[in-house]
Amino acid sequence: MPITEMLARNARMFPDEVSLVERDPAAGKRREITWRDFDKLANKFANALLARGIKKDDKVALLMTNCLEWLPVYFGILRTGALAVPLNFRYTAEEIRNCVNTAEARMLVHGPEFTERVCKVRDEMAVENLIFVGEDCPAGAESYWEVVRESLDTAPQVEINDQDDAALYFTSGTTGTPKAILHTHGNLVSACITENRHHLQTHEDNFLCIPPLYHTGAKMHWFGSLIVGSKAVLLRGVEPRWILEAVSEERVSIVWLLVPWAQDILDAIEDGEVDVKDYELEQWRLMHIGAQPVPPSLIRRWKKHFPNQLYDTNYGLSESTGPGCVHLGLENIHKVGAIGLPGFNWEAVIVDDKGRPVPKGKVGELILRGPGLMKGYYKNPEATRSVLKDGWLYTGDMAKQDKDGFIYLVDRKKDVVISGGENIYPVEIEEFLRAHQDVKDAAVIGMPDRRLGEIPVAVIELKAGRELTEEEVMEFCLELPRYKRPRMIIFDRVLRNPTGKIEKPKLREMYCSGEVARVV
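Not measured: the values here are computed from a predicted model.

J.: Can you walk me through the overall build of the protein in this structure?
T.: Across its full length, the protein holds 16 helices and 27 strands. Taken against the 2.2 N^0.38 rule, which gives 24 Å for 520 residues, the C-alpha radius of gyration of the protein at 23 Å falls within 12% of a compact globule. By its C-alpha atoms, the protein is 70 × 55 × 45 Å across when sized along the principal axes. For the protein, the residues scored as buried account for 60% of the 520 residues in total.

Next up, the structure:
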């Protein structure tokens, strides 16, 4: 069953039930649509695209913040047989241009937040049409609402199978210029099955989606709800009060959080800014986290305030159709700190530089094989060959297994700091620093050093109203082995992308070049 048929089935089985809710607390707005309306909007948009010449295997780029129209637009594109190309809403005008042209998109659908950026590079993009989702449609674009109003709401007669190309997702960009990842319809369906198998969503569940839908993580977690026709809430905003209000008022049962948001909720509770007794939270059965290593200390804090909740963590990449190729498992909270075991239908092995499995306890590169593996990087065979080898995806993540087979991330291969011949894995130091009561977040990067090659430098973001000196941090770090202790402390904001990953290339550019490097 293609993923587009899952939507049609939900419309037949649950036509009058709410499928999606959009909450915008800052604007005081709430909107919702039923499964019937969701399905009809997808059909209308698909027919509108077909009427404008979009055909199977064309590409349609999508640049919008989370809103009620996002998923109907996405499914409308899929129903034409064209490829959906979601774009990062933080892209600059130049990055939008580059990604649209790399994807060879014939059309761009965008929201009002991006009008200025799109107009700036309109003449440099190969797109033939712009469709605008919002009020006050700018010149040179067609209004989404006018487009769908004129279109039929019947399903287009386009044959789609699991082997057909479905979407291009760009890498998150934390390791350089984004590459376009090609996924098939079969990849998307596999994500539905894996996610539902892991988190046991039923038709009665309600999923709170906060991360951006352009990324595989958020959407593929929602896919576990799609497959059973359960409700989801799109929340615009990440303030702790807004999250708790949404869970309470919408009767949410599953929430996927990024580490910073979970930490903000705990800080707000412990600082007295919110009181959990003011909210109806008994139906909230599962909190899970992904997109980055999860400090065990954070989960221990969480369980103090939410002792009855299940917890899980998920590991994945855009190249593996998002999360789930490794996951902790609801029953394995005693292994918190690990990313877990191979996910449903997945294999995972840790290998050395020659691709040979390493013994348990030894650090190596994590490689994966399963039904969600990308077809490749779009029109980039060299990059594809560098990560897809003999049916395995080489993730670039360094990891190790314990005696029970649970996998622990050590760090990104490219982020390892080599100091005086010793490999230093920043994640270990970052988790140690985050355990300090005054530290909100931490990132460790390698700074060039004439004698040692590199030295570890910690960028530390303090909790609001807290103070900490470099000397106090250094004293706290005496518990670490000498070679792992940061040699310099920088108090600043830890830069993260929309999916919660630390943007280490930007931090290295800020602090490890020019005059800063010469200070060492």
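J.: Looking at this structure, how should I read the pairing of strand β6 (residues 129–132)?
T.: Remark: a regular strand shows side chains that alternate across the two faces of the sheet. Judged from the four bridges that link them, strand β5 (residues 107–110) and β6 form a sheet pairing that is parallel. Within the sheet, the bridge partner assigned to Leu108 lies in β6 and is Leu130. Each parallel crossover has a hand, and the one from β5 via helix α5 (residues 115–121) to β6 is right-handed. Here two bridges tie β6 to strand β7 (residues 142–143), and the two strands are oriented parallel to one another. Each residue of the ladder has a partner; that of Phe132, found in β7, is Ser143.

J.: Sorry if this is basic, but what is going on with the pattern of salt bridges here?
T.: Where side chains of opposite charge bring their charged atoms close, a pairing between them can arise. All chains considered together, the criterion is met by 46 salt bridges. When the shortest N-O distance is used, the salt bridge between Arg236 and Asp24 registers 3.6 Å. With Arg236 in the loop between β11 (231–235) and α9 (240–250) and Asp24 in strand β1 (residues 18–24), the pair connects residues that are 212 residues apart, well separated along the chain. For Asp24, a relative accessible area of 15% gives the class buried. With a shortest N-O distance of 2.8 Å, Arg30 and Glu250 are connected by a salt bridge. Note that Arg30 is positioned in strand β2 (residues 29–34) and Glu250 in helix α9, a separation of 220 residues in sequence. One network of salt bridges, with partners in common, ties together Glu22, Asp24, Arg31, Glu69, Glu113 and Arg236.

J.: I would appreciate a short explanation of helix α4 (residues 93–103) in the present structure.
T.: For an α-helix, 3.6 residues make a turn, and residues three or four places apart therefore share a direction. By the burial criterion, the buried members of α4 are Ala93, Ile96, Arg97, Cys99, Val100 and Ala103. Against β3 (59–63), β4 (83–86), α5 and β8 (165–170) lie the buried residues of α4. In the segment just after α4, Glu104 is the residue with positive phi, at about 60°.

J.: What's the story with the environment of Ala82 in this structure? I'm lost.
T.: Relative to the helices and strands, Ala82 is located in the loop between α3 (70–79) and β4. What makes Ala82 buried here is its relative accessible area of 0%. Residues Ala82 and Glu365, 283 residues apart in the sequence, show an inter-C-alpha distance of 35 Å. Leave out the neighbours within four places in its chain, and Ala82 touches Ile54, Lys55, Lys56, Asp57, Asp58, Val60, Ile77 and Ala166.

J.: I'm lost on empty space enclosed by the protein in this one. Help?
T.: Summary: where empty space remains is shown by rolling a probe the size of a single water molecule over the atoms. Across all of its chains, the model carries two cavities of 30 Å³ or more by this definition. Lining the largest cavity are twelve residues, and of these Pro86, Tyr91, Phe170, Thr171 and Tyr214 sit closest to its centre. A class-by-class count of the residues in the lining of the largest cavity yields six nonpolar, six polar and no charged. Taken as a whole, the second largest cavity encloses approximately 60 Å³ of empty space. Asn187, Ser190, Ala191, Thr194, Ser320, Thr321, Gly322, Pro323, Gly324, Cys325, Trp346 and Gly372 together form the lining of the second largest cavity. Those elements giving two or more residues to the lining of the second largest cavity turn out to be α7 (185–199) and β15 (322–327).

J.: Would you explain the side chain of Ser318 in this entry?
T.: Topologically, Ser318 is positioned in the loop between β14 (310–317) and β15. Every residue in contact with Ser318, bar those within four places of it in the chain, is listed here: Phe170, Ile181, His183, His215 and Thr216.

J.: So what exactly am I meant to see when it comes to the state of the cysteines here?
T.: One pass over the structure, following the stated rule, counts zero disulfides. Lacking any disulfide linkage, Cys67 is separated from the closest cysteine sulfur, that of Cys209, by 12 Å. Looking at Cys67, the relative accessible area reads 9%, which means it is buried.

J.: Before we go on, may I ask you to explain the packing of aromatic side chains in this structure?
T.: For any pair of aromatic rings, geometry is given as the distance between the ring centres together with the angle between the planes. Inspection of every chain in the model, using the stated rule, returns 14 aromatic pairs. Plain terms: the ring middles of Phe38 and Phe75 are 5.8 Å apart, the flat faces sit at 85° to each other, and that makes the pair edge-to-face. On the criterion of sequence distance, the pair formed by Phe38 in helix α2 (residues 35–51) and Phe75 in helix α3 is long-range, its members being 37 residues apart. Taking 4.9 Å as the distance between ring centres and 75° as the angle between the ring planes, the aromatic pair formed by Tyr144 and Trp145 counts as edge-to-face. By relative accessible area, which is 31% here, Trp145 ends up partly exposed. Every member of this aromatic cluster is reached through a ring pair, and the members are Trp35, Phe38, Trp70, Tyr74, Phe75, Trp222 and Phe223.

J.: Quick question: what am I supposed to make of the nonpolar core here?
T.: Generally speaking, soluble globular proteins have nonpolar side chains that are buried together. Among the nonpolar cores identified, the biggest contains 92 residues, and Phe75, Trp222 and Leu257 are the most heavily contacted of them. In this structure Leu257 touches Ile210, Ile243, Ala262, Ile265, Met287, His288, Ile289, Gly290 and Trp302, once residues within four positions along its chain are discounted. Listed in part, the 26 residues of the second largest apolar core include Leu63, Ile96, Ala103 and Phe114.

J.: Explanation requested: the sheet that holds strand β12 (residues 254–257) in the structure shown.
T.: Spatially, β2-β1-β11-β10-β12-β13-β14-β15-β16 is the arrangement adopted by the nine strands of the open sheet, whose pairing is mixed. In the strand order of this sheet, the two ends are held by β2 and β16 (341–342), each with one partner. Examined bridge by bridge, β15 and β16 share two bridges and lie antiparallel to one another. Note on β16: the bridge partner recorded for Val326 is Pro342.

J.: Is there a simple way to think about helix α15 (residues 504–511) in this case?
T.: Along α15, the residues classified as buried are Lys504, Leu507 and Tyr511. The buried side chains of α15 occupy one side of the element, clustering within an arc of 60° when seen end-on.

J.: Where do I start with the packing of helix α1 (residues 3–13) against α2 in this structure?
T.: A pair of packed helices is characterised by two quantities: the angle between their axes and the separation of those axes. Packing of α1 against α2 brings their axes to within 8 Å, and their N-to-C directions diverge by 140°. Relative to α2, the element α1 lies oblique. α2 is crossed by α1, and the crossing has left-handed handedness. The residues of α2 that touch α1, namely those facing Leu7, Ala8, Asn10 and Ala11, are Trp35, Arg36, Phe38, Asp39 and Ala42. The residue inventory of the contact of α1 with α2, partitioned by class, reads six nonpolar, one polar and two charged.

Basis of the calculations
Residues numbered from 1 in each chain as written. Predicted model: local features only at pLDDT ≥ 70, side-chain atom pairs only at ≥ 80, totals over all residues. Heavy atoms only, no water. Helix = DSSP H or I, 4+ residues; strand = E, 2+ residues; numbered from the N terminus. Rg over C-alpha atoms; globule rule 2.2 N^0.38 Å. Buried < 20%, exposed > 50% of the residue type's maximum accessible area, 1.4 Å probe, protein only. Pairing = 2+ DSSP bridges. Right-handed = clockwise from strand over helix to strand, strands pointing away. Salt bridge = Lys/Arg side-chain N within 4 Å of Asp/Glu carboxyl O. Contact = heavy atoms within 4.5 Å. 1 Å grid on protein atoms, 1.4 Å probe; cavity = no way out; pocket = protein on both sides within 12 Å on 5 of 7 lines; lining within 4 Å. Points joined across faces, edges and corners; volume = space filled by probe spheres on them. Nonpolar A, V, L, I, M, F, W, Y, C, P; charged D, E, K, R; others polar. Disulfide = S-S within 2.5 Å. Phe/Tyr/Trp six-rings, centres within 6.5 Å; stacked < 30°, edge-to-face > 60°. Core = buried A, V, L, I, M, F, W, Y, C linked by side-chain atoms within 4.5 Å. Arc of directions from axis to C-beta. Axes fitted to C-alpha atoms, helices over the stretch in contact; angles between N-to-C directions. Parallel < 35°, antiparallel > 145°, perpendicular 65-115°, else oblique. Left-handed = near helix turned anticlockwise from the far one by under 90°.

Limitation: the analysis is restricted to geometry and does not speak to function.
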